Amino acid sequence: MKKKLARGFVLAGILSGMVFADSATPSGAPSEFYVNPGIALTGAGAADYKNSFSLEAGYLKGIHQIASIGWEAGYLFGSKFEGDGFTSDTSVKILHIAPEIKVGPTFSVSDFKINPYIQGGGGLYWSHENSGTVTTASGAMGAIDSFDRVNGGWNIGLGAAISLPGNWSVGLDVRRHDIVNKHTSDFTWVTPALRFALLFS
């Protein structure tokens with residue numbers, strides 16, 4: 001089921017990009033370049049990994065008054081492998097690249113425009129874990145081998161942004177990421193982040 005969902009996000013993003021690649025941006029639907037600095041909170045399938053700083057950046061082209069499509073790249077800077085009863089000196093870093101779809105209306109409130117939205121996509125997630133050692137509470141030690149893996153994955157979330165003078169906007173974004181691993185448990189995290197965007201026609 002998760003693999004089908006990830007494939008669906010990827011296919012929808014690619015097909016939408018092909019259809020609208022050469023179309024003009026409709027009135028009232030600005031395109032945007034955004035940067036989301038945040039904290040990756042590990043969850044199911046990643047319980048032995050600690051929280052990490054993350055950064056996402058992307059470009060979305062307006063295709064409708066409430067819809068945009070584009071691409072996103074994101075990086076999880078180093079989630080340390082450390083669970084109950086043991087410590088280690090190894091961590092995993094994750095890079096993802098995915099087509100994205102964003103949907104949400106824009107409301108005018110006083111002199112500001114507010115844009116609540118839902119955003120999601122699916123693509124490739126590259127994971128790298130460095131080699132190291134694990135030490136248990138009793139003092140026993142073991143080795144961890146490094147690995148590099150490329151898997152499919154998906155993300156979905158919601159947020160809200162408010163316009164600022166000079167074609168800028170700022171807001172909050174909360175996204176769930178799920179790497180669909182081929183041979184191990186899925187790696188999941190949720191990223192609450194700030195969102196800074198430059199809007200343009």
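See the structure shown above.
All values derive from a computational prediction rather than experimental measurement. (Residues numbered from 1 in each chain as written. Predicted model: local features only at pLDDT ≥ 70, side-chain atom pairs only at ≥ 80, totals over all residues. Heavy atoms only, no water.)

S.K.: What's the story with a nonpolar patch on the surface in this structure? I'm lost.
M.R.: A cluster of nonpolar side chains, Phe33, Tyr59, Phe112, Ile162, Leu164, Trp168, Leu198 and Phe200, forms an exposed patch at the surface whose accessible area comes to about 690 Å². When residues of the nonpolar patch are traced back to their parent elements, those giving at least two are strand 10 (147–164) and strand 12 (187–200). Position of tyrosine 59 relative to the elements: it lies in strand 2 (residues 52–64). Of the residues examined, tyrosine 59 reaches a relative accessible area of 36% and is grouped as partly exposed. (Patch = residues over 30% accessible without salt bridge, like charges linked within 9 Å, V, L, I, M, F, W, Y side chains within 5 Å. Areas by Shrake-Rupley, 256 points an atom, 1.4 Å probe, with all protein chains shown as cover. Salt bridge = Lys/Arg side-chain N within 4 Å of Asp/Glu carboxyl O. Helix = DSSP H or I, 4+ residues; strand = E, 2+ residues; numbered from the N terminus. Buried < 20%, exposed > 50% of the residue type's maximum accessible area, 1.4 Å probe, protein only.)

S.K.: Where do I start with the side chain of histidine 96 in this structure?
M.R.: In this fold, histidine 96 is placed in strand 5 (residues 91–103). For histidine 96, the side chain forms a polar contact with the side chain of glutamate 72, separated by 2.9 Å. Those residues in contact with histidine 96 that lie beyond four places of it in its chain are Glu56, Glu72, Ala73, Gly74, Leu124, Tyr125 and His177. (Polar contact = N/O pair within 3.5 Å; in protein donor to acceptor, adjacent residues only side chain to side chain. Contact = heavy atoms within 4.5 Å.)

S.K.: Just checking my understanding: could you explain the pairing of strand 12 for this structure?
M.R.: Every regular strand shows the same layout, with side chains that alternate between the two sheet faces. With eight bridges joining them, strand 1 (residues 31–42) and strand 12 adopt antiparallel strand pairing. Looking at strand 12, one finds that phenylalanine 33 is bridged to leucine 198. Summarising the sheet, strand 11 (residues 168–180) and strand 12 pair through 12 bridges and their orientation is antiparallel. Of the residues in strand 12, the one forming a bridge with valine 170 is phenylalanine 196. In sequence, strand 11 turns back onto strand 12 through a hairpin of six residues. (Pairing = 2+ DSSP bridges.)

S.K.: How should I be thinking about the pattern of salt bridges in this particular structure?
M.R.: Opposite charge on two side chains lets them pair, provided their charged atoms get close. Taken as a whole and assessed by the stated rule, the structure comprises nine salt bridges. One salt bridge in this structure joins arginine 175 and glutamate 100, with 3.6 Å as the shortest N-O distance. Of this pair, arginine 175 sits in strand 11 while glutamate 100 sits in strand 5; the two residues are 75 residues apart in sequence, bridging distant segments of the chain. Residue classification places arginine 175 among the buried positions, given a relative accessible area of 0%. Two residues, aspartate 173 and arginine 195, come together in a salt bridge whose shortest N-O distance is 3.1 Å. With aspartate 173 in strand 11 and arginine 195 in strand 12, this residue pair connects regions lying 22 residues apart in the sequence. Take aspartate 173: its relative accessible area is 1%, and that puts it in the buried class.

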